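Working through the structure, step by step
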Amino acid sequence: MDFRYSSSLFTLMLLISVSLFFTAAWSLGINYGQIANNLPNPKSVVPLLKSIGVTRLKLYDADPHVLKAFANTGVEFIVGLGNEYLVQMKDPKQAQAWVNNNVKCYLPATKITCIAVGNEVLTANDTTLSANLFPAMENIHNALVSVNLDKQVMVTTAHNLGILEVSYPPSSGVFRRDLIQKLSCILDFNCKLGSPFLINSYPYFAYKADSKQVPLDFVLFESGSGIVDPVSGLHYENMLYAQIDAVHSALKKIGYKNVCLQISETGWPSKGDADEPGASPENARKYNGNLLKLMSEKKGTPLNPNSDLNIYVFALFNENMKPGPTSERNFGLFKPDGTPVYDLGFNVTGLLSSNSTGSSGGSSGGTTSPGYLPAGNPPNGYLSITADDAERPPFHGALSILCLMVLTMLQYQL
C-alpha cells in the first residue's frame, strides 16, 4: 500500500487528528527563537501558546521579557546560556551572578526547569569553546546548589548529529573518537544529575542535500516501506527515528544505555531558495503534522519503544534576521502577526492587541546548516546541523552526498 498521503481526504483527517490531540491536554514543546525585529511582545504571545497546548518552551537565552510574561502560567522553560558566555563561566563568581540574575530572580513564578549551557559547542570547531563547556556546566550547577535550586533546575547542553562518526545503519552508530572523552564527562554529569542528553536533529537537510536520491516520504514520516537495519533487523518508517536510534546505539557503545535522550530541535522550513528543494508550506505541514501525531502517541523509537523523547519543535515564529539561506528565516509555525504559516489544525487564539515588538536581534540557536564529516571518516548516512552561523564548519558537499547515496542504496536493497 502506498502511504504518500496526497489526497484531500487524508489532509482533512490529519488536521482533525492534530486538532483533537491539542484539545486533549497534550503537552507540546517548542523553541522560541528571537532573531527578528518584528516579533510580538511576549505578553501577547501567552494566549496564543495556551490555545495550542504549549506547556514547554525552550529559549536560547534568558530573555527577561519572556520570563516575566510567562510568570504564573505553568509553562516549563529551558533557558539558554549562550556560547559567548562560556569563557566567563569558568569563574564561579560569574556563574553565580548569572544564576542569580537569570534564574533565581524569576522563580518560582516562572517555571524554569533546565539550563542549556551552550549550544552545539563540540562541533563548532572552536577549541576554546569546547574546553570551557564542561567547566561552565559544573559551575552553573554549583551555583544552583549554593542557592538550593539544584533539585529544581537541571543543567545540560545541546548537541547536533555531527558528534556521530557513523550513523547508518542505526545499530552501528558511534561517536566521533576525538569527542568521546568530552562527551563522557558530559554524560557522567547528565547521569549524576538526571538531566537529559539533548540532540538537535533535522532530516530536512538530508533531503536538501540530495533530493533525487533521498525519498521525500521517508523524511516526512510517510514511508510505506521504510528501511530495515541489516544488523538489528529493526524496521524504520522515518529518518528521524533512525537518527535518534543511531545516537542511542552510540550511547550504549560507551556505556550510557540509560541516559535520558531528548530531541531539543527538529522542524521543516516552509520556504527556501531555488536550491533548497522540499522547503514548502505543504511539506512543512506534513512533517510537523505527522511529527505531532507521533509525539501524541508517546511511542518511542524501534530501539527504545518505551522512551519519551520530549521533542521540541523548531520554531515558534519565522525569524526575519537570521543569516543564511531563505529556509533559515522560515522554520516558524507562525508568522510574527500570530497567524499560522500553514494549517496544522490548531484552534488558535490570536495575539493580544498589545502586539508591539518585544525585542529584536535576540538569541536563537536554531540556525541550521548542512553538517560535515571529518576527513577520512566513513560515510555516516545523515547530515548534521550547527547552531549559529558563526559556528558553521566547512561543508564537504561531495562527501555528504555520498553519505546519503549510501543510505539510499542500502535501504532500496533491503
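Keep in mind the model is a prediction, meaning the values are calculated, not measured.

Brief notes about the nonpolar core
The biggest cluster of nonpolar side chains holds 105 residues, and the ones touching the most others in it are Phe-70, Phe-77, Val-79, Trp-98, Ile-140 and Phe-197. Broken down by element, this core gets its largest block of residues, nine residues, from helix H9 (residues 239–253). When neighbours within four sequence positions are excluded, Phe-70 is seen to be in contact with Tyr-32, Pro-42, Val-46, Leu-49, Leu-57, Val-75, Phe-77, Ala-109 and Thr-110.

Re the sheet that holds strand E12 (residues 312–313)
The strand order across the open sheet built from eight strands is E11-E8-E5-E4-E3-E2-E1-E12, with neighbouring strands paired in parallel fashion. Every interior strand has two partners, whereas the edge strands, strand E11 (261–265) and E12, have only one. Sheet strands touched by helix H6 (residues 180–193): strand E5 (154–160) and strand E8 (197–200). Its angle to E5, the strand with the most contacts, is close to 145 degrees.

Structural notes on unusual backbone geometry
That bond from Tyr-168 to Pro-169 is cis: its omega, -5 degrees, falls within 30 degrees of zero. Position of Pro-169 relative to the elements: it lies in the loop between strand E6 (164–166) and strand E7 (174–175). For the bond from Phe-314 to Ala-315, the omega torsion is 10 degrees, close enough to zero to count as cis. Relative to the elements of secondary structure, Ala-315 occurs in the loop between E12 and helix H11 (397–413). Of note in this structure, Glu-120 is not a glycine but carries a positive phi near 55 degrees. Take Glu-120: its relative accessible area is 2%, and that puts it in the buried class.

Concerning the confidence of the model for the protein
Of all residues in the protein, 78% attain a pLDDT of 70 or more, and the chain-wide mean is 83. Predicted confidence is poor over residues 1–25, with pLDDT under 50, and the contacts of this stretch with residues over four places away or in other chains come to 32 contacts. Confidence drops under a pLDDT of 50 for residues 367–414, and excluding neighbours within four residues, the segment shows 129 contacts in the predicted structure.

Brief notes about the packing of helix H5 (residues 127–146) against H6
Direction vectors running N to C along H5 and H6 enclose 15 degrees, while the axes themselves pass 10 Å from each other. The orientation of H5 relative to H6 falls into the category roughly parallel. Between H5 and H6 the crossing geometry is left-handed. Along the contact surface, H5 presents Ser-130, Ala-131, Leu-133, Phe-134, Met-137, Glu-138 and His-141, while H6 presents Lys-182, Cys-185, Ile-186, Phe-189 and Leu-193. Considering only residue class, the contact of H5 with H6 consists of eight nonpolar, two polar and two charged.

Here's the deal with the side chain of Asn-318
Within the element layout of this structure, Asn-318 appears in the loop between E12 and H11. Using a relative accessible area of 10% as the deciding quantity, one classes Asn-318 as buried. Discounting residues that sit within four places of it in the chain, Asn-318 has contacts with Leu-39, Arg-329, Asn-330, Phe-331, Gly-332, Phe-334, Pro-336 and Val-341.

Regarding helix H10 (residues 281–297)
It helps to recall that an α-helix has 3.6 residues per turn; residues three or four apart then point in one direction. End to end, H10 covers 24 Å across 17 residues, agreeing with the expected 24 Å (1.5 Å per residue, within 8%). Burial runs high along H10: twelve of the 17 residues are buried. What H10 keeps buried is the set Asn-283, Ala-284, Arg-285, Lys-286, Tyr-287, Asn-288, Gly-289, Asn-290, Leu-291, Leu-292, Met-295 and Ser-296. Phi turns positive one or two residues past the end of H10, at Lys-298, with a value near 50 degrees.

Digging into the pattern of salt bridges
Here the structure, examined in full by the defined rule, presents ten salt bridges. The partner of Lys-111 in a salt bridge is Glu-76, with the nearest N and O atoms 3.6 Å apart. Linking Lys-111 in strand E4 (residues 111–119) with Glu-76 in strand E3 (residues 76–81), this pair joins segments that are 35 residues apart in sequence. Notably, a salt bridge pairs Lys-151 with Asp-150, separated by 3.9 Å at the nearest N-O pair. Its relative accessible area of 78% is what places Lys-151 among the exposed residues.

As for the pairing of E5
Burial within E5 is extensive, with six of its seven residues counted as buried. Of the strand pairs in this sheet, E4 and E5 are connected by four bridges, and their pairing is parallel. Paired with Ala-116 across the strands is Thr-156, a residue of E5. Viewed along the sheet, the connection from E4 through H5 into E5 turns out right-handed. In this structure, E5 lies alongside E8, joined through three bridges in parallel fashion. Residue pairing in the sheet places Ala-158 in a bridge with Leu-198 of E8.

What counts, and where the lines are drawn
Residues numbered from 1 in each chain as written. Predicted model: local features only at pLDDT ≥ 70, side-chain atom pairs only at ≥ 80, totals over all residues. Heavy atoms only, no water. Core = buried A, V, L, I, M, F, W, Y, C linked by side-chain atoms within 4.5 Å. Buried < 20%, exposed > 50% of the residue type's maximum accessible area, 1.4 Å probe, protein only. Helix = DSSP H or I, 4+ residues; strand = E, 2+ residues; numbered from the N terminus. Contact = heavy atoms within 4.5 Å. Pairing = 2+ DSSP bridges. Axes fitted to C-alpha atoms, helices over the stretch in contact; angles between N-to-C directions. pLDDT = per-residue confidence, 0-100. Parallel < 35°, antiparallel > 145°, perpendicular 65-115°, else oblique. Left-handed = near helix turned anticlockwise from the far one by under 90°. Nonpolar A, V, L, I, M, F, W, Y, C, P; charged D, E, K, R; others polar. Expected span 1.5 Å × (residues − 1). Salt bridge = Lys/Arg side-chain N within 4 Å of Asp/Glu carboxyl O. Right-handed = clockwise from strand over helix to strand, strands pointing away.

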